[in-house]
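Read off the chains here:
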Amino acid sequence: MEAPLHSHHPSDPFRPGAPPAFWVGPRHLAGDDGRLYDAVADSLADLGWTGLTVVRGRREVNEPLENHQVLRSTVLHISPDALRWAQWMLPDEPFHLGGLPIAWQVSARSDASSPLADWSAYFTPDVPGEVLADFLLALDECGRPAALPAGPEAVLDAATAHGWLRDADEPHAAAMHPTFTARLSLGEVPPLIQDADPRALTAEAEESGATGWQAWAESAMGAPYLWAASFSTSVPHGLVAAFASSLSSTAPVLRRLLPESTRDQLLCAPAS
């Protein structure tokens, strides 16, 4: 299920009368607290990004307004330099990742005069909002989005610094949580991932396509994905490292809504 566009989650975790809040971990199993839009949009507003609502639909002649069909509805947040943007997509968007609908698409370009993005990253519901916010903060701070020199080892180092393990079979391309419930992997990107690298569009069926970082979590090995994230081939490794560092962080996150599928795997402490 998609997080609501505008939730009524109170901004003050200790507000009288509010549902009880808990500090929980590990964060990759903590879900998005039912407020993935608000958590990210608030962070972007603090960074000075502009939010625009885009709604397209179809309405028949004399059709009551309440029956109006919205074909696609998004909220677009644009950075002050117009080099990067984040797009919230509602459930009518057909693009899925790991069997889950895309909630946020983040894109960047090196030239504001170009109508096309150099790269894009995609995040489904239940990605912890703190992790996506940290990725966007790193993107906002990096100057020109393509000018980060870090290599793939930076991503793995960011995760292993917090206790994640390198994959024994792919030590230079994958890392995982010690419980095997989350993974970061550098490999061929899924279909429809947008990138300026021509290999993303021109690779034949029998050829290897462009590679990029993928991340996902699952309650147990082989279980359906809890959430998934995909970074196109041109996403700077330094930005993926910021995502990996936040995802693997052992610092607890504040939650009121504990996911049913992982409730028994979370460490919880009352927030008040």
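Residues numbered from 1 in each chain as written. Predicted model: local features only at pLDDT ≥ 70, side-chain atom pairs only at ≥ 80, totals over all residues. Heavy atoms only, no water.

## Quick look at the packing of aromatic side chains
The full count for this structure, using the stated rule, is 11 aromatic pairs. With a centroid separation of 5.6 Å and an interplanar angle of 85°, the aromatic rings of Phe123 and Phe231 are classed as edge-to-face. Of the two residues, Phe123 sits in strand S8 (residues 119-123) while Phe231 sits in strand S13 (residues 225-231), which places them 108 residues apart along the sequence. Of the two residues, Phe123 and Phe231, neither departs from the other in class, the shared state being buried. Between Trp216 and Tyr225, the aromatic rings sit 5.8 Å apart at their centres with planes inclined by 50°, giving tilted as the arrangement. Put simply, the rings of Trp119, Phe123, Phe135, Phe231 and Phe243 pair up and form one aromatic cluster. (Phe/Tyr/Trp six-rings, centres within 6.5 Å; stacked < 30°, edge-to-face > 60°. Helix = DSSP H or I, 4+ residues; strand = E, 2+ residues; numbered from the N terminus. Buried < 20%, exposed > 50% of the residue type's maximum accessible area, 1.4 Å probe, protein only.)

## Some points on helix H1 (residues 36-46)
Of all the residues in H1, the buried ones are Leu36, Tyr37, Asp38, Ala39, Val40, Ala41 and Leu44. Residue Gly48 follows H1 closely and has a positive phi angle near 85°.

## Let's talk about the pattern of salt bridges
Taken as a whole, this structure holds eight salt bridges when the rule is applied. The salt bridge involving Arg183 is made with Asp167; its shortest N-O contact spans 2.8 Å. Here Arg183 is found in strand S11 (residues 182-188), whereas its partner Asp167 is found in the loop between strand S9 (165-166) and strand S10 (174-176), with 16 residues between them in sequence. For Asp167, a relative accessible area of 11% translates into the label buried. In this structure, Arg263 engages Glu260 in a salt bridge whose closest nitrogen and oxygen atoms are separated by 3.1 Å. Classification of Arg263 as partly exposed rests on a relative accessible area of 36%. Classification of Glu260 by relative accessible area gives exposed; the value is 66%. Each of Glu153, Asp157 and Arg166 takes part in one network of salt bridges that share partners. (Salt bridge = Lys/Arg side-chain N within 4 Å of Asp/Glu carboxyl O.)

## Observations regarding the environment of Gly151
Here Gly151 shows up in the loop between helix H2 (129-141) and helix H3 (152-160). Note on Gly151: relative accessible area 31%, which makes it partly exposed. For the pair Gly151 and Gly238, spaced 87 residues apart in sequence, the C-alpha to C-alpha distance is 7.3 Å.

## Some details on the confidence of the model for the protein chain
Considering every residue of the protein chain, the mean pLDDT works out to 85; 78% of them sit at 70 or more. Under a pLDDT of 50 for its full length, residues 1-11 has, in the predicted model, 34 contacts with residues more than four places off or in other chains. (pLDDT = per-residue confidence, 0-100. Contact = heavy atoms within 4.5 Å.)

## Details of the environment of Leu136
Following the sequence through the fold, Leu136 ends up in helix H2. Considering only alpha carbons, one finds Leu136 and Val40, 96 residues apart in sequence, at a separation of 8.5 Å. Residue contacts for Leu136: discarding those within four places in its chain leaves Val40, Leu44, Leu47, Trp49, Ala86 and Val106.

## Remarks on H2
Under the 1.5 Å per step criterion, the end-to-end length of H2 is 18 Å for 13 residues, consistent within 8% with the ideal 18 Å. Listing the buried residues of H2 in full gives Gly129, Val131, Leu132, Ala133, Phe135, Leu136, Ala138 and Leu139. Downstream of H2 by one or two residues, Gly143 has phi in the positive range, about 75°. (Expected span 1.5 Å × (residues − 1).)

## Focus on the side chain of Ser230
Mapping Ser230 onto the fold places it in strand S13. Residue Ser230 is classed as buried on the basis of its relative accessible area of 0%. A polar contact of 2.6 Å, which involves the side chain of Ser230, links it to the side chain of Gln214. Residues contacting Ser230, with those up to four places away along its chain left out, are Leu97, Ser120, Ala121, Tyr122, Pro190, Ile193, Trp213 and Gln214. (Polar contact = N/O pair within 3.5 Å; in protein donor to acceptor, adjacent residues only side chain to side chain.)

## Considerations on the sheet that holds strand S15 (residues 267-270)
Strand order in this open sheet of three strands is S14-S1-S15, and the pairing throughout is antiparallel. This sheet does not close on itself; its edge strands, each paired only once, are strand S14 (253-255) and S15. When the angles between neighbouring strand axes are averaged without regard to direction, this sheet yields 35°. Direction of pairing for strand S1 (residues 22-25) relative to S14: antiparallel, over a ladder of three bridges. Following the sheet pairing, Phe22 is matched in S14 by Arg255. (Pairing = 2+ DSSP bridges. Axes fitted to C-alpha atoms, helices over the stretch in contact; angles between N-to-C directions.)

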